[in-house]
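# Observations on chain architecture
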Amino acid sequence: MIPNQNNYILADNSVLRKKEILEAKDKIRLIDGVPIFTLVEFNIFGTCNRSCIFCPVSDPDFYKKRYIGISIDLYRKTMMELQQIDYTGTILFSAFCEPFMNKELPTLVALTKDFLPVSHLEIVSNGDIIKRNPSKLVELFHRGLDTICISVYDGPSALQEFEELRTRLNLSADQFIIKRRYYDETSGDYGMIISNRTNLVFAKRYQAVYENKVEQLPLHRKCFYPFYQTLIDLNGDMILCPHDWGKKYVLGNLKDTSIWQLWKCDKYQKARRLLSAKNRKFLPCRTCDVYGDIIGKENYDVWRKCCGS
């Protein structure tokens with residue numbers, strides 16, 4: 001984790017790793033005078049098998065479990081569109097679900113690598129299904145998965161169990177990343193920065209004493225998320241930001257248009273102009289406590305030079 005000038009914490013190790021991955025990619029390309037995204041996140045299933053206290057899934061009045069997955073035809077269409085623009089960035093399965101609950105996961109992995117062989121494909125999982133059936137993970141690596149990130153919620157013994165599983169499967173620390181997500185009394189944290197998910201979680205209850213404490217919203221600072229990353233929901237909606245659990249800012253749907261057309265649409269550009277001006281006085285950004293300027297400055301700078309008028 002890294003401190004700011006007030007010794008508060010701005011970013012955890014997962015954020016710093018994400019920053020390294022994105023910055024290691026090739027120079028940002030332009031299409032139609034617009035800089036291309038470097039990360040596409042997918043919500044591939046309608047529920048999670050856990051209800052963590054610091055996650056909106058724990059609120060049954062908000063989070064409705066849906067046992068459906070993203071359409072294979074829709075996903076194939078999106079991969080074809082990414083291939084057409086020669087996308088070489090990161091594909092991430094995470095968002096608002098547990099990806100391994102989708103029984104079509106091997107097909108989704110295979111399609112990704114069929115169309116985008118040099119992309120970096122990563123999955124974030126709580127590991128419950130993997131622990132019961134490690135062969136599912138082995139199959140995904142055979143189909144082209146690059147990295148699995150395991151979020152461990154059940155304490156030190158579970159952490160050790162996943163370390164042993166990684167050794168058993170002969171996977172490297174870069175292929176099989178293990179992240180602590182349970183409370184540790186020594187460090188006084190959950191191993192991550194806990195955000196309010198645009199006011200759906202009372203984050204202060206779970207934050208460490210050394211974390212930045214946001215007292216007033218909206219924040220008056222830039223946010224780079226919409227300049228380098230986009231999120232696709234299981235129904236095909238493109239959503240402004242992965243922190244927008246309430247899905248308040250939908251750009252459009254991939255059933256009706258292409259991922260590139262939505263990325264450069266007027267509604268997206270409007271949000272970028274507002275965030276570039278440190279204006280978060282719109283939903284969901286006015287209720288968000290995420291700083292948003294730790295990753296993506298290079299993408300933002302290119303956008304500002306090309307499109308920021």
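On a predicted model such as this, the values are computed, not experimentally measured, just so you know. (Residues numbered from 1 in each chain as written. Predicted model: local features only at pLDDT ≥ 70, side-chain atom pairs only at ≥ 80, totals over all residues. Heavy atoms only, no water.)

What follows is about the pairing of strand β9 (residues 176-180). The element β9 is largely enclosed, with a buried count of four among its five residues. Pairing between strand β8 (residues 147-152) and β9: five bridges, direction parallel. Note that in β9 the partner of V152 across the bridge is R180. With respect to chirality, the unit in which β8 leads through helix α6 (residues 156-168) into the neighbouring parallel β9 is right-handed. (Buried < 20%, exposed > 50% of the residue type's maximum accessible area, 1.4 Å probe, protein only. Helix = DSSP H or I, 4+ residues; strand = E, 2+ residues; numbered from the N terminus. Pairing = 2+ DSSP bridges. Right-handed = clockwise from strand over helix to strand, strands pointing away.)

This part covers empty space enclosed by the protein. Enumeration according to the criterion identifies four cavities of 30 Å³ or more in this entry. Looking at the largest cavity, its volume works out to about 100 Å³. In terms of lining, the largest cavity is formed by 14 residues, of which the most central are C223, C241, H243, C285 and C288. Split by residue class, the lining of the largest cavity holds 10 nonpolar, two polar and two charged. (1 Å grid on protein atoms, 1.4 Å probe; cavity = no way out; pocket = protein on both sides within 12 Å on 5 of 7 lines; lining within 4 Å. Points joined across faces, edges and corners; volume = space filled by probe spheres on them. Nonpolar A, V, L, I, M, F, W, Y, C, P; charged D, E, K, R; others polar.)

With that settled, consider the confidence of the model for the protein. Taken as a whole, the protein shows an average pLDDT of 90; of its residues, 91% reach a score of 70 or greater. Below a pLDDT of 50 lies the segment residues 1-11, which in the model reaches 32 contacts outside its immediate sequence neighbourhood of four places, other chains included. (pLDDT = per-residue confidence, 0-100. Contact = heavy atoms within 4.5 Å.)

Here we come to the packing of helix α2 (residues 72-84) against helix α3 (residues 105-115). The geometry of α2 relative to α3 is characterised by a closest axis approach of 9 Å and an angle of 20° between their N-to-C directions. In terms of orientation, α2 lies roughly parallel with respect to α3. Our pair here, α2 against α3, has a crossing hand that is right-handed. Counting all contacts with α2, which are made through I72, Y75, R76, M79, M80 and Q83, the residues of α3 involved are T107, L108, L111, T112 and F115. (Axes fitted to C-alpha atoms, helices over the stretch in contact; angles between N-to-C directions. Parallel < 35°, antiparallel > 145°, perpendicular 65-115°, else oblique. Left-handed = near helix turned anticlockwise from the far one by under 90°.)

Two pairing modes exist for strands in a sheet, parallel and antiparallel, and in both the strands are linked by backbone hydrogen bonds. With mixed pairing, the eight strands of this open sheet are ordered in space as β9-β8-β7-β6-β5-β10-β11-β12. The open sheet is flanked by β9 and β12 (250-253), the only strands paired with a single partner. Looking at each pair of strands side by side, their axes are set apart by 20° on average, direction ignored. Those strands touched by α2 are β5 (39-42) and β6 (90-93), and its axis lies near 160° from that of β6. The sheet strands contacting α6 are β8 and β9, and the helix crosses β9 at an angle near 175°.

On strand β10 (residues 229-232), burial covers both faces: Q229 and L231 on one face and T230 and I232 on the other are all buried. Sheet topology note: the β10/strand β11 (residues 237-239) ladder contains two bridges and is antiparallel. When the sheet's bridge partners are listed, L231 is paired in β11 with I239. As consecutive antiparallel partners, β10 and β11 are separated by four residues, and within that stretch G236 has a phi angle of approximately 100°, a positive value.

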